[in-house]
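Below, each chain spelled out in residue letters.
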Amino acid sequence: MYEEINKSSLFRVVRVEGIEGTYLNSESSKKQWDSKNLITKLVLKDKNNNSFVVNPDSIGLKFATGEISYKEYKRMQKLDDFKWISFSLLGISFLCLMIYFLLKFFN
């Protein structure tokens, strides 16, 4: 996803952050980047030197190509996070209910 954002972005990618706290600042050192290191954040800059931090995902790609504003990006990101948390809690609740009924049935 990083390559797609870098290729079609209206912004300049100035920093790439990895999962282990590693980061890459300049274009020349991209050859040194460990391809096994998962990219977690991208810092983009526009022509006015405004910085934007995005995740390398489909929502970040929409922002980088100019389809949505940064405010809309943040709103969509919060909504996506809320969905993941909700589904996780729903799944955990379902498993707890199943365990409860199985224990009640076999006792």
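Before reading further, recall that the structure is shown in the block above.
Scope of this entry: the structure provided in the associated data block. (Residues numbered from 1 in each chain as written. Predicted model: local features only at pLDDT ≥ 70, side-chain atom pairs only at ≥ 80, totals over all residues. Heavy atoms only, no water.)

## Some thoughts on the overall build of the protein chain
Broken down by element type, the protein chain carries 3 helices and 4 strands. In the protein chain, the succession of α and β elements from N to C terminus is α-β-β-β-β-α-α. The buried share among the 107 residues of the protein chain stands at 25%. Of the contacts made within the protein chain by residues no fewer than 6 positions apart, 36% connect residues no fewer than 24 positions apart. (Helix = DSSP H or I, 4+ residues; strand = E, 2+ residues; numbered from the N terminus. Buried < 20%, exposed > 50% of the residue type's maximum accessible area, 1.4 Å probe, protein only. Contact = heavy atoms within 4.5 Å.)

## Some details on the pairing of strand β3 (residues 39-45)
In this sheet, β3 lies alongside strand β1 (residues 12-18) in antiparallel orientation, the contact comprising 6 bridges. Residue pairing across strands places Arg 12 opposite Lys 45, the latter belonging to β3. Across 4 bridges, β3 lies against strand β4 (residues 51-54) in antiparallel orientation. Bridge pairing in β4 links Leu 44 to Phe 52. (Pairing = 2+ DSSP bridges.)

## Comments concerning the pattern of salt bridges
Under the counting rule described, the total for this entry stands at 3 salt bridges. Glu 4 serves as the salt-bridge partner of Lys 7, at 3.8 Å between the closest nitrogen and oxygen. With a gap of 3 residues between them, Lys 7 and Glu 4 both fall in helix α1 (residues 2-8), about one helical turn apart. Close ionic contact of Arg 75 with Glu 72 constitutes a salt bridge, the shortest N to O distance being 2.7 Å. (Salt bridge = Lys/Arg side-chain N within 4 Å of Asp/Glu carboxyl O.)

## Side note on a nonpolar patch on the surface
A contiguous nonpolar patch, built from Phe 94, Leu 95 and Met 98 and spanning about 310 Å² of accessible area, is present on the exposed surface. Note that Met 98 resides in helix α3 (residues 70-106). Given the relative accessible area of 39%, Met 98 is considered partly exposed. (Patch = residues over 30% accessible without salt bridge, like charges linked within 9 Å, V, L, I, M, F, W, Y side chains within 5 Å. Areas by Shrake-Rupley, 256 points an atom, 1.4 Å probe, with all protein chains shown as cover.)

## Focus: the pairing of β1
Summarising the sheet, β1 and strand β2 (residues 23-24) pair through 2 bridges and their orientation is antiparallel. Residue Glu 17 lies in a different strand from β2, and its bridge partner there is Tyr 23. Hairpin geometry of β1 and β2 is characterised by an intervening segment of 4 residues between the two adjacent antiparallel strands and by a positive phi of about 85° at Gly 21.

## A look at the sheet that holds β4
One open sheet accounts for 4 strands, arranged β2-β1-β3-β4; its pairing is antiparallel. Two strands in the sheet have a free side with no partner beyond their single neighbour: β2 and β4.

## So, the environment of Ile 68
Mapped onto the fold, Ile 68 is located in the loop between α2 (58-64) and α3. We classify Ile 68 as buried; its relative accessible area is 17%. Sequence-distant contacts of Ile 68, that is, excluding residues within four places in its chain, are made with Ile 59, Lys 62, Phe 63, Tyr 73 and Met 76.

Taken by themselves, the reported measurements are silent on function.
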